[in-house]
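Per-entry structural report
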Amino acid sequence: MNAQQLTVTAQALVGGDKGLLAMDESNPTCNKRFAPLGIPQTEASRRAYRELIVTSPGLGESISGAILYDESIRQKTSKGTPLVDVLVETGIIPGIKLDTGAKAMAGFPGEKVTEGLDGLAARVQEYVGMGARFAKWRAVIAIDAGIPSEGCIDANAHALARYAAICQQAGLVPIVEPEVLMEGAHTLEQCLEVTGRVLHAVFNQLHVQCILLEGMILKPNMVLPGKDCPQQENVEQVADATVRCLLRSVPAAVAGVAFLSGGQSGALACARLNAMNVRFASRMPWPLTFSFARAIQHPALDIWSGHDATVKAAQEALIVRAQFSRNARRGEYNAAMDKTV
């Protein structure tokens, strides 16, 4: 393991004032988002959409790294240039999603464990050869009656730590993503308690597996009430709960925290991240940035809808959302200027 290389890469991803773009949707997920818009659910359509994203003029001004999927890291633009090369030329570090999805966990009804450790070392070597410099693994934790169980939390924490160890051994910076889902009617306080338990379990396993904290990035959920909870706390209350949870659970040595959007609108995700950076900048030992997917991509996908004539307009919408996300990372987001609020 090259500790210096890992630390330098991690700092390049989160040490400035930019953030990460998650464009690592699996083919089924990508197709699911295409279907309502009438976009053909084909490899050609997925390639065209990904080309639209990576060739958006000025993307590198707000984005430091882009997370790709197995299909997209192998794809080329219509002119024959690998998407990875386009990213690098723009100053964006290429990354790769490594897990193979969350599957039902035997013996634990309603809970899931993320798979993909089998053969991971060999796959990592292949992706490194393709130009990947960091990676991502997502675990999903649901809140409901009687769950999450300790068994589910521990199984996912162990898998995240083993993935991180394999990545660092090969020179990839691991993004560790333990997502407590927004689905459900749980309260903000319940999410705070569960997120804290999950983060403590994850960092315990990262310690056991000898992970270099300076060479990894945490990608957590924000502490939020469930979508169906009748009480929805305001932006400041969410910011307070989220930062309080992180300060109690995340070691200061971690390179950075890059939030997932988790189904939030782009405007709300930015407003909440902005509040954290405005209110707590002097107290945080690590930078708080973004690793958004739909919160950046959604308007662009709607505008594009599979048509060549709308590519430019879609790219402009993508850049606007990326810029707003960067502003939130800097504590300079202005919700009044965001027409999607």
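Report follows, based on the coordinates.

Criteria and thresholds
Residues numbered from 1 in each chain as written. Predicted model: local features only at pLDDT ≥ 70, side-chain atom pairs only at ≥ 80, totals over all residues. Heavy atoms only, no water. 1 Å grid on protein atoms, 1.4 Å probe; cavity = no way out; pocket = protein on both sides within 12 Å on 5 of 7 lines; lining within 4 Å. Points joined across faces, edges and corners; volume = space filled by probe spheres on them. Helix = DSSP H or I, 4+ residues; strand = E, 2+ residues; numbered from the N terminus. Pairing = 2+ DSSP bridges. Contact = heavy atoms within 4.5 Å. Axes fitted to C-alpha atoms, helices over the stretch in contact; angles between N-to-C directions. Nonpolar A, V, L, I, M, F, W, Y, C, P; charged D, E, K, R; others polar. Buried < 20%, exposed > 50% of the residue type's maximum accessible area, 1.4 Å probe, protein only. Right-handed = clockwise from strand over helix to strand, strands pointing away. Parallel < 35°, antiparallel > 145°, perpendicular 65-115°, else oblique. Left-handed = near helix turned anticlockwise from the far one by under 90°. Salt bridge = Lys/Arg side-chain N within 4 Å of Asp/Glu carboxyl O. Expected span 1.5 Å × (residues − 1). Phe/Tyr/Trp six-rings, centres within 6.5 Å; stacked < 30°, edge-to-face > 60°. Core = buried A, V, L, I, M, F, W, Y, C linked by side-chain atoms within 4.5 Å.

1. Observations regarding the layout of surface pockets
- If you add up the space inside the largest pocket, you get close to 1100 Å³.
- Lining of the largest pocket is provided by 44 residues; of these, Thr29, Arg33, Arg138, Glu179 and Arg294 occupy positions nearest its centre.
- Looking at the lining of the largest pocket, the elements with two or more residues in it are α2 (27-34), β4 (102-104), α5 (120-130), β6 (134-141), β7 (173-180) and β10 (288-292).

2. A short note on the sheet that holds β6
- Around the barrel, 8 strands lie side by side as β1-β2-β3-β6-β7-β8-β9-β10; this closed barrel has parallel pairing.
- Strand contacts of helix α8 (residues 235-249): β8 (217-218), β9 (256-259) and β10, with the helix running at about 145° to β9, the strand carrying the most contacts.
- Across the sheet, helix α10 (residues 294-304) touches β1 (19-22), β2 (63-68) and β10, and the angle it forms with β10 is around 40°.

3. What to know about empty space enclosed by the protein
- Counted by the stated rule, this structure contains 1 cavity of 30 Å³ or more.
- Taken as a whole, the largest cavity holds about 30 Å³ of empty space.
- Lining the largest cavity, in full, are Met23, Glu25, Cys30, Tyr49, Arg50, Ile53 and Gln297.
- Broken down by element, the residue count for the lining of the largest cavity peaks at 3 residues, all from helix α3 (residues 43-54).
- Looking at the lining of the largest cavity residue by residue, the classes come out as 4 nonpolar, 1 polar and 2 charged.

4. Quick notes on the pairing of β6
- Most of β6 is tucked away, with 7 of its 8 residues classed as buried.
- Both strand β3 (residues 93-97) and β6 contribute to a ladder of 3 bridges, which runs parallel. The residue bridging Ile96 from the neighbouring strand is Ala135, located in β6.
- Across 8 bridges, the pairing between β6 and β7 is parallel. Looking across to β7, one finds that Lys136 is bridged to Ile175.
- Viewed along the sheet, the connection from β6 through helix α6 (residues 150-170) into β7 turns out right-handed.

5. With respect to the environment of Ile319
- Residue placement: Ile319 occurs in helix α11 (residues 311-329).
- Residues Ile319 and Ile73 lie 246 residues apart in sequence; the distance between their C-alpha atoms is 21 Å.
- Ignoring sequence-local partners within four residues, the contact set of Ile319 consists of Ser56, Pro57, Gly58 and Leu59.

6. What to know about the packing of α3 against α10
- Where α3 contacts α10, the two axes come as close as 11 Å, and the packing angle between them is 125°. One element, α3, and the other, α10, form an angle in the oblique class. Of the two elements, α3 crosses α10, and the hand of that crossing is right-handed. On α10, the residues that touch Ser45, Ala48, Tyr49, Leu52 and Ile53 of α3 are Gln297, Leu301 and Trp304.
- Classifying every residue of the contact of α3 with α10 by side-chain character gives 6 nonpolar, 2 polar and no charged.

7. Focus on the pattern of salt bridges
- Taken as a whole and judged by the stated rule, the model has 21 salt bridges.
- Several salt bridges converge on common partners, so that one network encompasses Asp24, Lys136, Arg138, Glu177, Glu179 and Lys219.

8. Remarks on α3
- For α3, which comprises 12 residues, the first-to-last C-alpha distance of 16 Å matches the rise-based estimate of 16 Å (1.5 Å per residue) to within 8%.
- Among the 12 residues in α3, 9 count as buried, and that is most of the element.
- Every buried residue of α3 is accounted for by Ser45, Arg46, Arg47, Tyr49, Arg50, Glu51, Leu52, Ile53 and Val54.

9. Structural notes on the packing of aromatic side chains
- What the rule picks out here adds up to 6 aromatic pairs.
- On the numbers, 5.7 Å between centres and 85° between planes, the contact of Phe324 with Tyr333 is edge-to-face. Residues Phe324 and Tyr333 agree in their burial class; the two are buried.
- Site record: aromatic cluster; members linked through ring pairs are Phe34, Tyr49 and Trp304.

10. Comments concerning the nonpolar core
- The biggest cluster of nonpolar side chains holds 100 residues, and the ones touching the most others in it are Leu98 and Leu288.
- Filtering out sequence-adjacent residues up to four positions away, Leu98 remains in contact with Leu120, Arg123, Val124, Tyr127, Ala135, Lys136, Trp137, Tyr163 and Cys167.
- Counting 16 residues, the second-largest nonpolar core is a separate cluster that includes Leu6, Ile93, Ile175 and Ile217.

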